[in-house]
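Results of the structural survey
Listed below, chain by chain, are the residues.
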Amino acid sequence: DFDASLYGGIYFTHDEMSATSSGSTFDETVIQSCAKSTGSYTTTEQCDNFGGIGYIVNYNFTSLHSSLLYQATADEALLRHYQNDSEYKITASVWPLPITQVEEKYTLASNSFSAWFLLVLSFPFIAGSFAIFIVSERESKAKHLQTVAGVQPNAYWLSTYCWDIMNYQIPLWTVIILMYLLDVQSFITNQRH
């Protein structure tokens, strides 16, 4: 079933009856190998713990919690089998560590860069849209008609400039108000991090 294996899978590699190519059981081979290489990490008595059933948990890296859940599922199945009781249950809990100050600053910087980039990219389009009026005026000869009617060129260009500034104020103040309403800290604070 694809839905069941979407986040990972459990593969049992051996059990207490598994045999190696030499004919001995897997448990005997593992315990003998451990006993031969005891050092500062294991003792001969601890080697018995390496026998038994082995399994591998493969999991999708996009759901990191799944490795713990699959291991709990495998351990619960083994516990129920060896205790011969289907009521045994293992409950898995994930308690992530709190976000550190370094991680928080990194996230803030990453989010700030994205917001800054989108703003820097969008505002030139607003200013560029003002050129449309100049081009359409050139085609319709409206400036020429106003000059013939007695409008001074300085008055014409000053009124055009004031109109462009007024039109620019709407998106400018909308963005500033949204920054404060949405509490975008990277744009509304004067503290350096």
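Residues numbered from 1 in each chain as written. Predicted model: local features only at pLDDT ≥ 70, side-chain atom pairs only at ≥ 80, totals over all residues. Heavy atoms only, no water.

**A look at the environment of L68**
Here L68 lies in helix α2 (residues 66-83). L68 sits 75 residues away from K143 along the chain, and the two C-alpha atoms are 74 Å apart. With sequence-adjacent residues up to four places away left out, L68 is seen in contact with A92, S93 and V94. (Helix = DSSP H or I, 4+ residues; strand = E, 2+ residues; numbered from the N terminus. Contact = heavy atoms within 4.5 Å.)

**Let's talk about the packing of helix α4 (residues 131-140) against helix α6 (residues 153-181)**
Two packed helices can be described by the angle between their axes and the distance between those axes. It is the contact of α4 with α6, at a shortest axis distance of 11 Å, that shows an interaxial angle of 140 degrees. Seen from above, α4 lies across α6 with right-handed handedness. Residue-level inspection shows F133, I134 and E137 of α4 in contact with α6, the latter providing Y156, W157 and T160. Partitioning the contact of α4 with α6 into residue classes produces four nonpolar, one polar and one charged. (Axes fitted to C-alpha atoms, helices over the stretch in contact; angles between N-to-C directions. Left-handed = near helix turned anticlockwise from the far one by under 90°. Nonpolar A, V, L, I, M, F, W, Y, C, P; charged D, E, K, R; others polar.)

**Regarding the packing of aromatic side chains**
For the structure shown, the criterion picks out five aromatic pairs. With 5.6 Å between their ring centres and 35 degrees between their planes, F113 and W116 make a pair best called tilted. Note that F113 and W116 are positioned in helix α3 (residues 101-129) at a spacing of three residues, about one turn of the helix. When the ring of Y156 is compared with that of W157, the centres are 5.1 Å apart and the planes differ by 75 degrees; the resulting orientation is edge-to-face. Y156 gets classed as buried once you look at its relative accessible area, which sits at 5%. Taking the relative accessible area as the measure of exposure, W157 reaches 40% and is therefore partly exposed. Clustering of aromatic rings is evident, with ring pairs tying together F113, W116 and F117. (Phe/Tyr/Trp six-rings, centres within 6.5 Å; stacked < 30°, edge-to-face > 60°. Buried < 20%, exposed > 50% of the residue type's maximum accessible area, 1.4 Å probe, protein only.)

**Section: α6**
Think of an α-helix as turning once every 3.6 residues; residues three or four places apart then point the same way. Taking 1.5 Å per residue as the helical rise, α6 with its 29 residues ought to reach 42 Å, and the 42 Å between its terminal C-alpha atoms agrees with that figure. In the structure, α6 departs most strongly from a straight axis at Q169, where the bend amounts to approximately 25 degrees and where the proline P171 lies between one and four residues downstream. Three or more residues of α6 are buried, namely Y156, T160, D164 and M179. Turning to α6, the residues buried within the fold contact α3, α4, α5 (142-148) and α7 (185-188). Of the residues flanking the end of α6, it is D183, one or two places downstream, whose phi is positive at about 55 degrees. (Expected span 1.5 Å × (residues − 1). Bend = angle between axes of the 7 residues up to and from the residue.)

**Let's talk about the environment of A35**
Tracing the backbone shows A35 in helix α1 (residues 26-36). Take A35: its relative accessible area is 34%, and that puts it in the partly exposed class. When the C-alpha atoms of A35 and Q46 are compared, they prove to be 8.9 Å apart, with eleven residues separating the residues in sequence.

**As for the side chain of S112**
Turning to its location among the elements, S112 is positioned in helix α3. Taking relative accessible area as the criterion, S112 reaches 15% and is therefore assigned buried. The contacts of S112, once residues within four sequence positions are left out, are S186 and F187.

**Quick notes on the side chain of S24**
If you trace the backbone, S24 turns up in the loop between β1 (8-14) and α1. At 3.4 Å, the side chain of S24 forms a polar contact with the side chain of S22. There is a polar contact of 2.9 Å between the side chain of S24 and the side chain of T29. If sequence neighbours within four positions are ignored, S24 has contacts with S18, A19 and T29. (Polar contact = N/O pair within 3.5 Å; in protein donor to acceptor, adjacent residues only side chain to side chain.)

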